[in-house]
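A structural walkthrough
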Amino acid sequence: MGSQKKARELLEVSDTLTHYSNLISYSLMYFIAKAQQEGSPLADELLKIKNGYQGEFDDAAEITGQVVSEVFSDEELDELIVLNTNPSLEKLRGLTPEIMKRVLEKYSVAST
């Protein structure tokens, strides 16, 4: 079992919570657009969820840190912290929202 401090450090250097948030947001955007295209009343409900989930997501850092510290030892967390400071991984993380957006755009076009 690892320490909460090292788990939080990993979450920070890996930008994990931003990625969680982006995945949720982009997924909701896709489903909202699909529901709107189909004229489904579900679109309005999904839009409310998208606009309100951030407040519920505030507890994610503490919960994720707790789970990560339960899954990894301090030594493993140290290795993951070093791995996540790799410049190529940092670049990938920085581009992930754009990549995800483009994938969803292409998926939307392909499914219509």
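The structure contained in this document is the topic of the report that follows.

Here is what the cut-offs are and how they apply
Residues numbered from 1 in each chain as written. Predicted model: local features only at pLDDT ≥ 70, side-chain atom pairs only at ≥ 80, totals over all residues. Heavy atoms only, no water. Helix = DSSP H or I, 4+ residues; strand = E, 2+ residues; numbered from the N terminus. Rg over C-alpha atoms; globule rule 2.2 N^0.38 Å. Buried < 20%, exposed > 50% of the residue type's maximum accessible area, 1.4 Å probe, protein only. Contact = heavy atoms within 4.5 Å. Areas by Shrake-Rupley, 256 points an atom, 1.4 Å probe, with all protein chains shown as cover. Lys, Arg positive; Asp, Glu negative; His and termini not counted. Charge placed at Lys NZ, Arg CZ, Asp CG, Glu CD. Axes fitted to C-alpha atoms, helices over the stretch in contact; angles between N-to-C directions. Parallel < 35°, antiparallel > 145°, perpendicular 65-115°, else oblique. Left-handed = near helix turned anticlockwise from the far one by under 90°. Nonpolar A, V, L, I, M, F, W, Y, C, P; charged D, E, K, R; others polar.

Across its full length, the chain carries six helices and zero strands. Scanning the chain from its N terminus toward the C terminus, one meets helices and strands in the order α-α-α-α-α-α. Since a compact globule built from 112 residues should have a radius of gyration of about 13 Å, the 17 Å found for the chain marks it as more spread out than a globular shape. Considered along the principal axes of its C-alpha atoms, the chain spans approximately 50 × 30 × 15 Å. The proportion of buried residues among the 112 residues of the chain is 27%. Sequence-distant contacts in the chain: of pairs separated by 6 or more residues, those separated by 24 or more amount to 79%. Counting only carbon and sulfur atoms, one obtains 57% of the accessible surface of the chain, whose full area is about 7,700 Å². Within the chain, the 19 negative side-chain charges are centred at a point lying 9 Å from the centre of the 11 positive side-chain charges.

Once that is clear, we can look at the packing of helix α1 (residues 4–14) against helix α5 (residues 74–83). Across the interface, α1 lies against α5 with an axial gap of 9 Å and an inter-helix angle of 20 degrees. Of the possible angle classes, the one that applies to α1 and α5 is roughly parallel. When the axes of α1 and α5 are compared, the crossing they make is left-handed. On α5, the residues touching K6, A7, E9, L10 and V13 of α1 are D74, L77, D78, L80 and I81. When the residues that make up the contact of α1 with α5 are grouped by side-chain class, the tally is six nonpolar, no polar and four charged.

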